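Examination of the molecular architecture
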Amino acid sequence: MDALEHSADITLPDQRVAVLGDVHGNVGWIRMLARALPHLAPDVTTILQLGDWWMPPDEVDEALTETGITGIYVTGGNHEPWGEITPLMNKYPGEAVRVSKLVWLLPRPARLTIGGRSVLSLGGATSVDRESRIEGLTWWPDEAITDEHVAAAIAGGPADLMLTHESPANTPVRPVREILRTNPHRFPKAALEASAASRARVSEVWDAVHPELLAHGHLHVGAGGQTSDGRRVASLGAKVTSGTSGSSTSRTSGWRRRAWPSSADLPTTTVLVKRGSSG
């Protein structure tokens with residue numbers, strides 16, 4: 001993995017962007033997205049990806065050749081090749097790094113400006129399935145959100161939109177709360193405690209920067225919720241289980257969120273629309 005370009009300033013003019021959940025290296029899902037986007041959101045040129053990406057960048061570039069996509073900005077997840085990513089990102093502290101024609105890896109934390117709005121990206125999460133993985137091959141300690149990441153994210157001040165892989169601890173999203181409560185995959189206690197600590201770090205930042213909308217992946221659940229103080233949370237799924245097409249829309253004070261399932265195997269994709277824009 002090589003750096004083709006690096007930048008401390010990511011400023012995009014977009015009024016609408018696509019936000020993509022976990023894809024776990026499945027290029028086939030990207031090809032489905034490439035077929036769907038020109039019909040469902042032909043004006044969208046930017047994808048914000050919420051982690052568990054681990055994708056061959058050149059194949060992604062090829063798959064999206066016939067679309068209008070000009071950039072994919074990746075908020076790292078837990079299932080990433082951190083053994084390659086960390087040394088690369090350490091060469092350019094605090095900067096986003098482009099690793100292919102389209103794909104940019106974001107630092108932790110990262111600040112972007114999109115359509116004049118402030119965006120905070122805070123990647124990382126805890127692997128609750130760590131016991132089944134091999135350190136240095138399929139798991140790396142670098143996945144974790146650290147206290148240093150939290151402090152730097154808070155120091156950057158308020159944000160309109162927050163992008164994470166991990167869910168906040170006090171999520172208003174009911175299906176996410178149910179998964180965390182019931183532990184359907186029977187993960188061990190130590191893994192659950194580490195996961196809870198990771199979510200607490202996200203919540204610390206979320207409460208401090210107070211974004212209108214937080215979008216995350218990781219739990220593989222497509223759902224949303226709103227806190228008592230008006231903040232919205234969008235949990236993006238890793239795989240749509242229904243084969244039907246359709247869309248749903250919700251609003252915040254600054255963003256409109258439109259999600260669609262375009263096939264049985266496409267990760268939930270959301271289009272964020274800046275308030276006052278058309279479409």
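Right above here is the structure, for reference.
Residues numbered from 1 in each chain as written. Predicted model: local features only at pLDDT ≥ 70, side-chain atom pairs only at ≥ 80, totals over all residues. Heavy atoms only, no water.

A look at the environment of Q226
Looking at the secondary structure, you find Q226 in strand β12 (residues 223-226). When the C-alpha atoms of Q226 and T171 are compared, they prove to be 8.5 Å apart, with 55 residues separating the residues in sequence. Those residues in contact with Q226 that sit more than four places away from it in its chain are P172, R231 and R232. Side-chain polar atoms of Q226 contact the backbone oxygen of G230, separated by 3.4 Å. At a separation of 3.3 Å, a polar atom in the side chain of Q226 contacts the side chain of R232. (Helix = DSSP H or I, 4+ residues; strand = E, 2+ residues; numbered from the N terminus. Contact = heavy atoms within 4.5 Å. Polar contact = N/O pair within 3.5 Å; in protein donor to acceptor, adjacent residues only side chain to side chain.)

What to know about unusual backbone geometry
Of note, the bond from R108 into P109 is cis; its omega dihedral lies within 30 degrees of zero at -10 degrees. If you trace the backbone, P109 turns up in the loop between β7 (103-105) and β8 (110-114). Positive phi, normally seen in glycine, also occurs at H24, with a value near 50 degrees. For H24, a relative accessible area of 33% translates into the label partly exposed. In this structure, H210 takes a positive phi of about 50 degrees despite not being glycine. Considering the arrangement of structural elements, one finds H210 in the loop between α6 (189-209) and β11 (213-216). (Buried < 20%, exposed > 50% of the residue type's maximum accessible area, 1.4 Å probe, protein only.)

Things to note about the packing of aromatic side chains
For the structure shown, the criterion picks out two aromatic pairs. Taking 6.1 Å as the distance between ring centres and 15 degrees as the angle between the ring planes, the aromatic pair formed by Y73 and W104 counts as stacked. Highlighted residues: Y73 in strand β5 (residues 71-74) and W104 in strand β7, separated in sequence by 31 residues. A cation over a ring is seen here: R108 above W82, with NZ or CZ 4.3 Å from the ring centre. Stacked on the ring of W206, the Lys or Arg R231 has its end atom at 4.2 Å from the ring centre. (Phe/Tyr/Trp six-rings, centres within 6.5 Å; stacked < 30°, edge-to-face > 60°. Lys NZ or Arg CZ within 6 Å of the ring centre and 35° of its normal.)

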